[in-house]
Amino acid sequence: METNTYSISLSKNPVIAINVTPGHFTTNNAHTNNYLDVSELKGHTAIANDVAREIAIPYLSTTLVDTIVCMEKMEVIGAYLAQELVQDGTSVMNTGRNIYVVSPINNAYGKLIFPDSAVQWISGKNILLLVATISSGRSLNIALECINYYGGKLAGVSALYRASDIRVERDIHCLFTSDDIPGYRLYSTAECQMCREGHKLDAIISSEGYTKLE
């Protein structure tokens, strides 16, 4: 499977790249013909720093941010992003401010919540939501509902990758879209064309990576 993997780089900063592996993959609610590996963007500190600089650009001179909420292991990028947003500059909106970086957790019932100690950084605060990938939009909506439940005021949403046909009520700033990936397709589980053609699943994918199916 990995022998078909190729990379797509950000045109204005080729260091920032995602690895794309064609195949037949399933998530918990959809099937897709490409696995997108963004782990190096999240875990390689030098690259994560570059990513944070790119993500910060739309917000530097326009958006007050109190808290960055990180989904899908985006905390390293979130920390660098906070540094970018509070840098010194006459046109930088958050210069001299404190920005918190937090992540929600799943409770015993699988519900997304914030620990009591973090609620003070959500309720009534300007929240920048940071996610890794937006494919079907389901995980994004769950995160937005959680922020809204705790009284957070959404200031922006940024992602490493977003499927271009996802319909949302607000702008999402992203580095890559499905338009960058030739032939990219996402199907509901019941309507997967690859299943109809008899192609076996290659792997189960999640924000943690993938698990091959023999």
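Residues numbered from 1 in each chain as written. Predicted model: local features only at pLDDT ≥ 70, side-chain atom pairs only at ≥ 80, totals over all residues. Heavy atoms only, no water.

Here we come to the overall build of the protein chain. A count of helical and extended segments in the protein chain gives 5 helices and 13 strands. In terms of C-alpha radius of gyration, the protein chain reaches 18 Å, essentially the compact-globule figure of 17 Å for 214 residues. Overall, the protein chain is about 55 × 40 × 30 Å in size when its C-alpha atoms are taken along their principal axes. Each of the 214 residues in the protein chain was classed as buried or not, and the buried ones make up 43%. Considering only contacts in the protein chain between residues 6 or more positions apart, those separated by 24 or more positions represent 65%. If you sum the accessible surface of the protein chain, you get close to 11400 Å²; carbon and sulfur atoms cover 47% of it. Within the protein chain, the 22 negative side-chain charges are centred at a point lying 5 Å from the centre of the 16 positive side-chain charges. (Helix = DSSP H or I, 4+ residues; strand = E, 2+ residues; numbered from the N terminus. Rg over C-alpha atoms; globule rule 2.2 N^0.38 Å. Buried < 20%, exposed > 50% of the residue type's maximum accessible area, 1.4 Å probe, protein only. Contact = heavy atoms within 4.5 Å. Areas by Shrake-Rupley, 256 points an atom, 1.4 Å probe, with all protein chains shown as cover. Lys, Arg positive; Asp, Glu negative; His and termini not counted. Charge placed at Lys NZ, Arg CZ, Asp CG, Glu CD.)

What follows deals with helix α2 (residues 45-56). The α-helix advances 3.6 residues per turn, and as a result positions three or four apart in sequence lie on the same side. Over its 12 residues, α2 runs 16 Å from end to end, which matches the ideal 16 Å to within 8%, given 1.5 Å per residue. The buried fraction of α2 is high, at 9 of 12 residues. Among the residues of α2, I47, A48, N49, D50, V51, A52, E54, I55 and A56 are the ones counted as buried. (Expected span 1.5 Å × (residues − 1).)

Moving on to helix α3 (residues 75-85). Turning to α3, its buried residues number three or more, namely I77, G78, L81, A82, E84 and L85. Buried residues along α3 cover an arc of 160° about the axis, so they all sit on one side. Here the buried face of α3 lies against α1 (39-43), α2, β4 (67-70), β5 (100-102), β8 (126-134) and β9 (153-162). (Arc of directions from axis to C-beta.)

Taken together, the 5 strands give an open sheet; going across it, the order is β5-β4-β8-β9-β10, and neighbouring strands pair in parallel fashion. Unpaired on one side and paired on the other, β5 and β10 (173-177) mark the two borders of the sheet. Adjacent strand axes in the sheet meet at a mean angle of 20°, parallel and antiparallel pairs treated alike. Alignment of β4 against β8, held across 4 bridges, turns out to be parallel. Within β8, the residue paired with T67 across the bridge is I127. Sheet contacts for helix α4 (residues 138-149): β4, β8 and β9; angle to β8, the most-contacted strand, approximately 165°. (Pairing = 2+ DSSP bridges. Axes fitted to C-alpha atoms, helices over the stretch in contact; angles between N-to-C directions.)

Let us now look at the nonpolar core. Within the largest apolar cluster, 56 residues are counted, with the highest numbers of intra-cluster contacts made by I68, L85 and L160. Ranked by the residues each element gives to this core, the list is headed by β8, at 7 residues. The contact partners of L160, leaving out residues within four places of it in the chain, are V38, L41, K42, V51, I55, M74, I77, V131, A132, L175 and F176. (Core = buried A, V, L, I, M, F, W, Y, C linked by side-chain atoms within 4.5 Å.)

Counting across every chain of the model gives 6 aromatic pairs. Between Y100 and W121, the ring centres sit 4.4 Å apart and the planes meet at 10°, which makes this aromatic pair stacked. Here W121 lies in the loop between β7 (112-113) and β8 and Y100 lies in strand β5, a separation of 21 residues in the sequence. Residue W121 is classed as partly exposed on the basis of its relative accessible area of 25%. Pairwise contacts between aromatic rings join F25, Y35 and Y210 into one cluster. (Phe/Tyr/Trp six-rings, centres within 6.5 Å; stacked < 30°, edge-to-face > 60°.)

In this fold, N33 is placed in strand β3 (residues 30-37). Of note is the side chain of N33, whose polar atom sits 2.9 Å from the side chain of N34. Ignoring anything within four residues of it in the chain, the contact list for N33 reads T21, P22, G23, F25, G183, Y184, R185 and M194. (Polar contact = N/O pair within 3.5 Å; in protein donor to acceptor, adjacent residues only side chain to side chain.)

Moving on, we come to the state of the cysteines. Applying the stated rule across the entire model yields 0 disulfides. You can see C195 has no disulfide; the closest cysteine sulfur is in C192, sitting 3.7 Å from it. (Disulfide = S-S within 2.5 Å.)

Looking at where A82 falls in the secondary structure, it is placed in helix α3. Among all residues touching A82, those that are not within four sequence positions of it are I68, I99 and V101.

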